[in-house]
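Structural characterization, general
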Amino acid sequence: MNYPANIYESIKIVEKTRPMRAKEKFPLLSPDDKQALLNSFHPDFREDTLRALKVGASKGFKVPHEVANLLESRSRLNPADINLNTPDYEVDVLIIGGGGAGAAAALMAQAEGASVIITTKLRLGDANTMMAQGGIQAATKENDTPLLHYLDMLGGGGFQNKPDLVELLVKEAPLVMSWLESLGCMFDKDKDGIFATIHGGGTCRKRMHFARDYTGAEIMRTLRDEVRNRRIEVIEFAPAIELLLDDDGQCAGAVLMNLERGTYQVVKAKTTILSTGGFGRLHVGGFPTSNHYGATADGLVMAYRVGVKLVFMEATQFHPTGAAYPEQIVGLLVTEKVRGVGAQLVNALGEQFIYPLETRDVVSSGIIKECYARERGVTTPTGMKGVWLDSPLIDFIHGTGTVAKELPAMVRQYERYGIDIAKEPILIYPTLHYQNGGIEINPNCETIIPNLYASGEVSGGIHGRNRLMGNSLMDVLVFGRKAGLAAARKSKGIKIGPLNLNHLGLYEKELELVGVKTELVSPLLLPDYTPDIRHGGGIE
Ligand code: MEZ
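Because the structure is predicted, anything quoted here is derived from the model rather than measured.

1. Some thoughts on the overall build of the chain
When helices and strands are counted, the chain shows 16 helices and 23 strands. For the chain, whose C-alpha radius of gyration is 23 Å, the value lies close to the compact-globule estimate of 24 Å for 540 residues. Looking at the chain as a whole, 61% of its 540 residues are labelled buried. Taking all contacts inside the chain whose residues are at least 6 apart in sequence as the whole, residues at least 24 apart take part in 75%.

As C-alpha cells, this is what we get:
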C-alpha cells in the first residue's frame, strides 16, 4: 500500500518494536483506574452527549440527543388516512424485524402452532446479526460454567445488568449452541471435534465460539434457510411504522409501509414482537458506525409512543476497533477476534498502552485518551486519528498463515485497498457498535404493554451498561426464541378488539404541552446522510 509519509513512518516504528512487544503482557487496570478512565474519556460521560426526555414513560431519563430528538418527533402517519376496520393480514404472532432475533422468534412461534408473519424493512437477514464477526459466547467447555459466564457478564455491564435476564442467557446458551448445530450451523472445531474457543474482552474462560470471522453470517444463513424452508411468511421492504392498540390498551399489530410504493398495510395480530435492532445509524456523538443501514431505532420510537419504558439508554457501546483508514471503510468493524488471537493495541511510537482484552468501554476510552490527551495517535489525510492494531504480531507469535486462516473476512476487507493485514498493522479508532439499553422486558420478553414483546438489540437490561463480545449473538437467539414461544402461547387465549391509533394523538398532545416543536418525523427508516462523521467522534 502506498501510505502517506507519516503513516508509513509509524508502521516502520511498529515493526521495530514488535519482537520486544511479543514478550510483553500489558497489565490489567485496577477497578479504580478503569472507572477514572471511563469518567474522563468514555463518550457516555461527556457533558454534551445526553439529555433528559421531556415526555413519555421514561420522562426525565437521560438518553443521547440523537435518540431524544427521534423519540420526541412526529408520526409518519395521519390516522385519518388509514382504514383499520379491514386489516390486510390477521395473524397470531407478528414479528417486526428480520434479523437473528426475529428469525429465531418466528421458528419457535411456528413450532408452537401459531400462525406467524415476519415483516422487515429490508430483506430477511439484513441486520447486525449478519455483521457480527468474531464469535458467540456459551459455557460449553469442561473448565467453564454458566455461573462464570454470568459473573463475566455482570463485570462487563458494571454490575448493573438485570440478573434474571443474565441468568436466562447463560443457562440457555449451551442449549442454543446445540440447537444451531442441529439446524446445520457450522462452527470451527478442534482436531478432536470439540468446539474451538478463544477469549473475548472481559472473559475469564475461552468461551467465544466462532465460524472463522464470519460467525454472524453463518448463524443468520442458517436461520434464514430455516425460515424459508418452513415457509414462514416474510414481507420484505415493509417496515412497521406504528404499532396498533385495541380499546383495552393491548397491542394489536402494526401499520406497515411499502417502501417502494409508500402505501400502507394493516396487520392485526394477537401478539406482536419487536425485533428491530439498534440505533447505530444515528451516529451518536458524531461517531462512525459498524452497523447495517437499517439500524435507525425504529422499534424504540414505535414502542415509546405506545408507552413502554426504556432502560440503560444512557449507555452506548463504542467498539474499540473500527477502521480508521482507508477512508472508504471508516467505521467498519475490525473484529475483536483480531485481539482474541493475539494482536496488540499500539500507539504511533510503537508502544502498547492498554491490555487488548479489557472490556470494550475501557479499551475504547484508552484509545480516545491515547489519541487526544496523550497525542500519540496517527493522523490520517482527512484529519481522523487512530492507533495501530498490530495484526502481523499474530503470525509472528503463532506462525505464518494464522491470520489468513482465522481472519479471512478481515483479510478480504483490507486486500481490496492493497493492505495485507498479515504484514501491515491496521489503523483503528472506536466506532458506534451497539445500543446497550432499550425497551424494558421481563424474562418472557414481555413489555409493560399487554401482548407486546421485545427481543434482541431493541431491548435493554441484559448487558447493563456495557455488553461483552459474543453476548449479542447469544442474546438474539435466547431472547428471540423465548419471545417467539411466549407470544405464540399467549396468542392462544386472546381476543383483540377494534384497532386504533389513538396513542398518536395523545403523544402529539404531550409534545405540545411541554412545548416541543419539531418537523422531524419518525421512525427514520433509513439514515439521514449528512452528519459530519469525518473526525470519528474525536474530542478536539
Ligand atoms: O459481539 C460482537 O459485537 C462481536 C462478535 C463483534 C466482533 O468484534 O466481532
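Picking up where we left off.
2. As for the nonpolar core
The biggest cluster of nonpolar side chains holds 150 residues, and the ones touching the most others in it are L180, L223, L274 and L477. Ranked by residue count, the leading element in this core is helix α15 (residues 471–491), at 11 residues. Split by domain, this core shows at least three residues from each of two domains, domain 1 (5–41 + 317–432) and domain 2 (74–128 + 215–313 + 436–502). Those residues in contact with L180, other than ones at most four positions away along the chain, are I136, C185, F187, I219, T222, L223 and L477. One finds I82, I241, V255 and L504 within the second-largest nonpolar core, a separate group that totals 15 residues.

3. Concerning the side chain of K121
With respect to the helices and strands, K121 occurs in the loop between β5 (116–119) and α5 (128–131). By relative accessible area, which is 10% here, K121 ends up buried. A distance of 2.9 Å separates polar atoms of two side chains, one belonging to K121 and the other to T296. Within the local environment of K121, its side chain forms a polar contact with the backbone oxygen of L525, the two atoms lying 2.8 Å apart. Every residue in contact with K121, bar those within four places of it in the chain, is listed here: F237, A238, P239, L259, G294, T296, D298 and L525.

Procedures and definitions
The numbers attached to residues start from 1 for each chain and follow its sequence in the written order. Reporting in this predicted model follows two pLDDT cut-offs: at least 70 for local features of residues, and 80 or more for side-chain atom pairs to be given and counted; totals over whole chains, interfaces and linings ignore these cut-offs and use all residues. Processing note: side-chain calculations cover all non-hydrogen atoms of the structure and skip hydrogens and water entirely. Strands are runs of DSSP state E lasting at least two residues, helices are runs of H or I lasting at least four, and both sets are numbered from the N terminus onward. For a compact globule the rule gives 2.2 Å times the number of residues to the power 0.38, and the radius of gyration it is set against comes from C-alpha atoms. In this scheme, a residue with accessible area under 20% of its type's maximum is buried, one over 50% is exposed, and one in between is partly exposed, where area comes from a 1.4 Å probe on protein chains only. Contacts were defined at the residue level, with two residues in contact if any of their heavy atoms lie within 4.5 Å. In this text, buried Ala, Val, Leu, Ile, Met, Phe, Trp, Tyr and Cys residues form a nonpolar core when linked through side-chain atoms within 4.5 Å. Residue ranges for the domains originate in an automatic or database domain assignment. Whenever a nitrogen or oxygen atom comes within 3.5 Å of another N or O atom, the pair is scored as a polar contact, on the condition that within protein one atom can donate a hydrogen and the other can accept it, and that pairs from neighbouring residues in sequence are kept only if both atoms are in side chains.

These values are about where atoms sit, not about what they do.
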